[in-house]
2 protein chains.
Amino acid sequence: MSAELKNDRYLRALAKQPVDRTPIWMMRQAGRYLPEYRELRKEAGDFMALCKNAELACEVTLQPLRRFPLDAAILFSDILTIPDAMGLGLYFETGEGPRFERPVRDWRSVNALGIPDPEDELGYVMKAVSTIRRELKGEVPLIGFSGSPWTLATYMVEGGSTKNFSEVKKMAFEEPEVMHMLLDKLAKSVTLYLNAQIANGAQSVMIFDTWGGVLSPRDYREFSLHYMAQIVDGLTREADGRKVPVTLFTKNGGQWLEAMAATGCDALGLDWTTDIGEARRRVGDKVALQGNMDPSILYASPERIRQEVQIILDGYGEGSGHVFNLGHGIHPGVKPEHAGEFIRAVTELSKTYHR
Amino acid sequence: MSAELKNDRYLRALAKQPVDRTPIWMMRQAGRYLPEYRELRKEAGDFMALCKNAELACEVTLQPLRRFPLDAAILFSDILTIPDAMGLGLYFETGEGPRFERPVRDWRSVNALGIPDPEDELGYVMKAVSTIRRELKGEVPLIGFSGSPWTLATYMVEGGSTKNFSEVKKMAFEEPEVMHMLLDKLAKSVTLYLNAQIANGAQSVMIFDTWGGVLSPRDYREFSLHYMAQIVDGLTREADGRKVPVTLFTKNGGQWLEAMAATGCDALGLDWTTDIGEARRRVGDKVALQGNMDPSILYASPERIRQEVQIILDGYGEGSGHVFNLGHGIHPGVKPEHAGEFIRAVTELSKTYHR
């Protein structure tokens, strides 16, 4: 595996080293807004068939890079691969999102859960990682990822998506010891999983805590952040003689940036409800920042998109430490040309902030 | 209408006058978690039939007060009465939440909207308010309410509930002048509506901004807060020789409390993602605070509920200015006995914070 990287803007920005312009990638950049993705998805049958086939996962990962001058690739996979490997039976119901055949709701079922071997039950992900890394040919770095323990737990206990998080919170509030056993197993699993991704070629990793923001500040620390910190502590932080940066992203976590930065991670992902300039003042001495345009701006005109990019660049201000991104995944209904405009605006307008 | 009020703890706390204990009420305290509500709802047929019948709306409003020693009553009504009165055709689809037959998505349809006369098209709400006020017999104050202009606009443009807010944001970003015309009409309508509620007997009002938290900080100020401030400016602030306090509640608005407090409102409602002690330090010199227990705690045991109440009371600390509440509406699946435990814990444990 070659350590040479033709474009290392993304890694340099995360390390706050000087860059010529602000790097950019988009959460869910490989996905339904791209007609070539929809085409391949149709051929493959279902979503998990795409994820489980290393060649197809690689192809999907590379699709947005062929269209746009993005500064990073992100592994195409699902956030629920770990619970699936634990035997919960992941499936997708049209319009309903992910579901589990066997949710875990009591001590017995949590106790029975094993920690998946990333090279065995999750070997298909590792094969995808190494294939993508090879096929990237050093053009841009590859980002690996996992859902956070709390986020995985919400799906595992609820059995799918949820509005009120009643079941998972019932367990957290009523049987905290069972919840902690579950989260501990998940933290161990995620650590192994991300380290295996790194061993197989991921040059940076990101932990998506989609649902930490539905907790109170105390509960967030106890049930979500604590386990992300545990993972950060256990991660391989160097590969090929380069630092492997780790980014934490808690949706609706804007009130807790200080606590998140204190985990020792390298960067925080911000959703669009947080002012990026304020975030920099709060935690910019500790971590780099990723974000944070409202993905819905991509529904607007190219002029409006450009204007919003300018506002966010201005908000962050001069100097390195900013990776441009959306504040959440790109919406499936966005026109690819609008994504293109967004990326062009960032590459063009950001130069003056790096001199 | 008598100005005598047997229990004015709620109003005193909002004015930061001394109280013997922290007052408490619960958002959605009249609702599906109560078997007597479900009974009446079944008899009445649908939800709007309950809202449109003053006697039934009054009965429903009083139900929780017969069970629990609550310190305030809140008008039983829907947040979408104004768009319904504007002619959009509100209906409810089982499991889907509210829907509009005729969403507004362009200049023409926004331009055609009238401002409803609260005593005419919304006369049924005013009749409910005066009936409830009369039947309360001065036991506790009556809270009137409205959805915020932005929140109403989301339903009006989307045509119902939404996950990504694509249509309403498309309008805000792409045709801001159309969106502002809509929000301006809504702000005028809400002002008239709340003033009519006050004229008919509401002793306090609350503005529910359920969806302001899906906006960026700048967009929140432009599309939501600006119009709430306009309403606060236009409200009747005194009735029966007493101040009529106004409370603003933006779900997921914890990052913007300073800006919210600067509107001149009397209190802020907090959801459970904000630490109430920090909120007090940030804006406690300007406004009273309402909140903020995670409603899901009510799924837990009485001991756990009591423990959480203690934590929140400790968080706010000593002195007046705190109205205890949940951070959002009570979930339909909560056992009434657990709500009772919650209320008992607040009434018992809060005394030591007021000496």
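Everything below is about the structure printed above this text.
Got a minute to help me understand the overall build of chain A in this structure?
When helices and strands are counted, chain A shows 15 helices and 11 strands. Relative to its length of 355 residues, chain A is compact, with a C-alpha radius of gyration of 19 Å against a globular reference of 20 Å. By its C-alpha atoms, chain A is 60 × 45 × 40 Å across when sized along the principal axes. Counting across all 355 residues of chain A, residues that qualify as buried make up 55%. In chain A, the proportion of contacts linking residues at least 24 apart, taken out of those at least 6 apart, comes to 72%.

Any chance you could explain unusual backbone geometry here in plain terms?
The phi angle of most residues is negative, glycine excepted, and most peptide bonds adopt the trans form. Residue A:Gly291 is joined to A:Asn292 through a cis peptide bond whose omega torsion reads -5°. Mapped onto the elements, A:Asn292 comes out in strand E10 (residues 288-293). Even without being glycine, B:Arg28 reaches a positive phi, approximately 60°. Tracing the sequence through the fold places B:Arg28 in the loop between helix H1 (9-14) and helix H2 (35-44). A positive phi angle is found at B:Lys137, which is not glycine, with a value near 50°. Of note, B:Lys137 is situated in the loop between helix H7 (123-136) and strand E4 (142-147). According to the C-beta neighbour criterion, B:Lys137 is exposed, with 10 such atoms within 10 Å.

Where do I start with the interface of chain B and chain A in this structure?
For interface size, the figure often reported is the accessible area lost on association. Each partner contributes residues to the interface: chain B has 26 residues there, and chain A has 26 residues. Of the residues in the side of chain B that touches chain A, the class split is 7 nonpolar, 13 polar and 6 charged.

For this particular structure, what's the right way to read the pairing of strand E5 (residues 204-209) of chain A?
Looking along a regular strand, one sees the side chains alternate between the two faces of the sheet. Residue and element names in this part refer to chain A. Counting buried positions over the 6 residues of E5 gives 6, a clear majority of the element. Two strands pair when backbone bridges link them, and strand E4 (residues 142-147) and E5 are joined in this way by 5 bridges, in the parallel orientation. Across the sheet, residue Ser-146 finds its bridge partner in E5, namely Ile-207. Pairing between E5 and strand E8 (residues 246-250): 5 bridges, direction parallel. Bridge pairing in E8 links Ile-207 to Leu-248.

Even after reading the chapter, I still don't get the relation of the copies chain B and chain A, so can you show me in this structure?
Think of it as a corkscrew move, a rotation about one axis and a shift along it, taking one chain copy to the other. Rotating chain B by 180° and moving it 0.0 Å along the rotation axis overlays it on chain A with an RMSD of 0.0 Å. What the superposition gives is, in effect, a two-fold axis relating one chain to the other. By C-alpha distance to the rotation axis, the residue of chain B lying nearest is B:Gln255, at 3.2 Å. Here 100% of the interface residues in chain B have copies in chain A that are interface residues too; the copies meet face to matching face.

Mind showing me how you'd approach helix H7 (residues 123-136) of chain A here?
Think of an α-helix as 3.6 residues a turn; residues three or four steps apart then line up on the same face. Residues and elements named next belong to chain A. Over its 14 residues, H7 runs 20 Å from end to end, which matches the ideal 20 Å to within 8%, given 1.5 Å per residue. Packing partners of the buried residues in H7 comprise helix H4 (54-67), strand E1 (73-74), helix H5 (81-88), E4 and helix H10 (176-199). In the stretch just after H7, Lys-137 is the one whose phi turns positive, near 50°.

Can you help me understand the sheet that holds E4(B) in this one?
Strands belonging to one sheet form pairs held by backbone hydrogen bonds; the direction of such a pair is parallel or antiparallel. Residue and element names in this part refer to chain B. Reading across the sheet, the 7 strands line up as E1-E4-E5-E8-E9-E10-E11 and stay open at both edges, with parallel pairing between neighbours. Strands with a single pairing partner mark the edges of an open sheet, and in this sheet they are strand E1 (73-74) and strand E11 (322-326). In this sheet, strand E10 (residues 288-293) lies alongside strand E9 (residues 267-269) in parallel orientation, the contact comprising 3 bridges. Pairing of Ala-267 across the sheet is with Ala-288, part of E10. Together, E1 and E4 form the strand contacts of H7, whose direction differs from that of E4 by roughly 155°.

What am I meant to see in the sheet that holds E8(A) here?
Residues and elements named next belong to chain A. Taking strand neighbours across the sheet as the criterion, the 7 strands line up as E1-E4-E5-E8-E9-E10-E11 in an open arrangement whose pairing is parallel. This sheet does not close on itself; its edge strands, each paired only once, are E1 and strand E11 (322-326). Pairing between E1 and E4: 2 bridges, direction parallel. Directly across from Ile-74, in E4, lies its bridge partner Ile-143.

Please explain the nonpolar core as it appears in this structure.
Grouped together as the largest cluster of nonpolar side chains are 237 residues, with contacts concentrated most on A:Leu75, A:Ile143, A:Leu268, B:Leu75 and B:Ile143. Setting aside chain neighbours within four positions, we find A:Ile143 in contact with A:Ala72, A:Ala73, A:Ile74, A:Leu75, A:Ala202, A:Ser204, A:Val205 and A:Met206.

Criteria and thresholds
Residues numbered from 1 in each chain as written. Chains lettered and ligands numbered in written order. Predicted model: local features only at pLDDT ≥ 70, side-chain atom pairs only at ≥ 80, totals over all residues. Helix = DSSP H or I, 4+ residues; strand = E, 2+ residues; numbered from the N terminus. Rg over C-alpha atoms; globule rule 2.2 N^0.38 Å. Buried ≥ 20, exposed ≤ 12 C-beta atoms within 10 Å, placed from the backbone. Contact = placed C-beta atoms within 7 Å. Nonpolar A, V, L, I, M, F, W, Y, C, P; charged D, E, K, R; others polar. Pairing = 2+ DSSP bridges. Least-squares fit on C-alpha atoms with pLDDT ≥ 70 in both. Expected span 1.5 Å × (residues − 1). Axes fitted to C-alpha atoms, helices over the stretch in contact; angles between N-to-C directions. Core = buried A, V, L, I, M, F, W, Y, C linked by C-beta atoms within 7 Å.

Any functional reading would require information that these geometric values do not contain.
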